[in-house]
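Breakdown of the fold
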Amino acid sequence: MRVLLYFPGSALQRWTSALAALLPEAEVRAWSADAAPLDADYVAAFRPPPELFARENRVRAVFNLAAGVEAMLALPTLEPSIPIYRLEDAGMAEQMADYASYAVLRWYRDFDVYAGQAARSEWKQLKPRRKADFAVGVLGLGEMGGAVARRLVALGFPVRGWSRTRHPLKGVSAFAGPDGLAPFLAGSSAIVATLPLTAETRGILDRRAFAAMPAGSFVVNVGRGDLVVDTDLLEALDSGQVAGAMLDVFATEPLPADHPFWHHPRVTVTPHVSAVTVRDASLAQVAEKIRRFDRGEPVTGRVDRDRGY
Ligand code: NAP
Ligand code: GLV
């Protein structure tokens, strides 16, 4: 079998050698715009250039080297009948749970306020919040959101979860579907968005959503930047309806130097690092999926084009 690999940046050769070592029975090659087509059976890629699928026309399946598939689904050259498989956890869920717990605890315990006070040598104790009064809402309860919700439960927070279909998770109050969103938000002092970007979720965190939350709530976005309407979040921050935000993903990445999020006093920006792709775990998972597909066995993580994730 022939496998073509694409990964942006200077790591392409290292990723290709690592996948070749995991699939000794295959011919594994790095994508190059200058090389002749490989006639690949399989493509493993993250955000590949459209030319790749324009030139490779024998591809049987695509293995997305990320959890999010919106970029792959947007490729006009990728034939819709070709199945796409995505990464499932592959070492990212634990990182995501770490990031979300840090964001929530930092806010809940006022560590950001104390850091500001310390910079001014100011000794002032704030009234502590009570966990029982601080429910955290997790949007999306898949590989990422499920891990986040379980970790927040273990930390003792009341946790609410919202997904497309209802998920019974121990210790998590379940909400589902469009009708469940407003009641879910109404009881969440903080939210953590782990949703994929789809036609239904684009712009879901807008003025209406922020208004549905209790005044002075906290917003964490680790899903995709376009879940949030930036101008609505800035407006909610300025009115105090949203008191703070920790954002890891943005509509344009890198976040443009003149974007107001960079210097907003109540916004913390991180550069899309809440859960980075772990090369060895990802390629081991992809190698196993390729082998199973090639043997005609069931493969998990198939993307549903109609749902968009
Ligand atoms: P997943 O396992 O497919 O889970 C997606 C979750 O979102 C599911 O619970 C799904 O509901 C829910 N959902 C989707 N559309 C919805 C809608 N319209 N209304 C309500 N709920 C909806 O995906 P994952 O592996 O957890 O990854 C989720 C996203 O995280 C990725 O797509 C990516 O954008 C992002 N991500 C970011 C980073 C980072 O570093 N920032 C790293 C990894 C992933 P059902 O359970 O009912 O299907
Ligand atoms: C990272 O953002 C991913 O989707 O895996």
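You'll find the structure just up there.
Each chain has its residues counted from 1, running along the sequence as written. Written order decides the labels, with chains lettered from A and ligands numbered from 1. Only residues with pLDDT of 70 or above have their local features reported here, since the model is predicted, and side-chain atom pairs are shown and tallied only from 80 upward, although totals for entire chains, interfaces and linings are computed over all residues. Values reported for side chains reflect all heavy atoms of the structure, with hydrogen atoms and water molecules removed beforehand.

Moving on, we get to the overall build of the chain. Counting its regular elements, the chain contains ten helices and twelve strands. Taking 309 residues into account, the globule formula puts the C-alpha radius of gyration at 19 Å, and the chain, at 21 Å, falls close to it. Each principal axis of the C-alpha atoms in the chain carries an extent, and together these give about 65 × 40 × 30 Å. Relative accessibility thresholds used throughout: buried, under 20% of the residue-type maximum; exposed, over 50%; partly exposed, between the two (1.4 Å probe, protein chains only). For the chain, the proportion of its 309 residues judged to be buried stands at 51%. Whether two residues are in contact is decided by their heavy atoms: any pair within 4.5 Å suffices. Of the contacts formed within the chain by residues at least 6 apart in sequence, a portion of 60% connects residues at least 24 apart. The positive count covers Lys and Arg only, the negative count covers Asp and Glu only, and His and the chain ends enter neither. We put the charge of a Lys on NZ, of an Arg on CZ, of an Asp on CG and of a Glu on CD. Across the chain, the 35 positively charged side chains and the 35 negatively charged ones have centroids separated by 6 Å. We count a stretch as a helix when DSSP gives it H or I for four or more residues in a row; a strand needs E for two or more, and each element gets its number in order from the N terminus. For this measure, only C-alpha atoms enter the radius of gyration; the expected value for a globule follows 2.2 Å times N^0.38, where N is the number of residues.

As a further point, take the environment of Glu51. Here Glu51 lies in helix H2 (residues 50–55). Along the primary structure Glu51 and Pro76 are separated by 25 residues, whereas in three dimensions their C-alpha atoms are 9.8 Å apart.

Nonpolar cores were defined as sets of buried Ala, Val, Leu, Ile, Met, Phe, Trp, Tyr and Cys residues, with membership established by side-chain atoms within 4.5 Å. Grouped together as the largest cluster of nonpolar side chains are 53 residues, with contacts concentrated most on Leu5, Leu19 and Phe63. The leading source of residues in this core is helix H4 (residues 93–108), at seven residues. Segment limits for the domains were obtained from an automatic or database-derived domain assignment. Split by domain, the residues of this core number at least three in each of domain 1 (2–90 + 277–294) and domain 2 (92–269). Once residues lying within four places of it in the same chain are set aside, the contact partners of Leu5 are Leu12, Trp15, Thr16, Leu19, Arg29, Ala30, Trp31, Ala44, Leu65 and Leu283.

Read these as layout, nothing more, since geometry by itself doesn't imply function.
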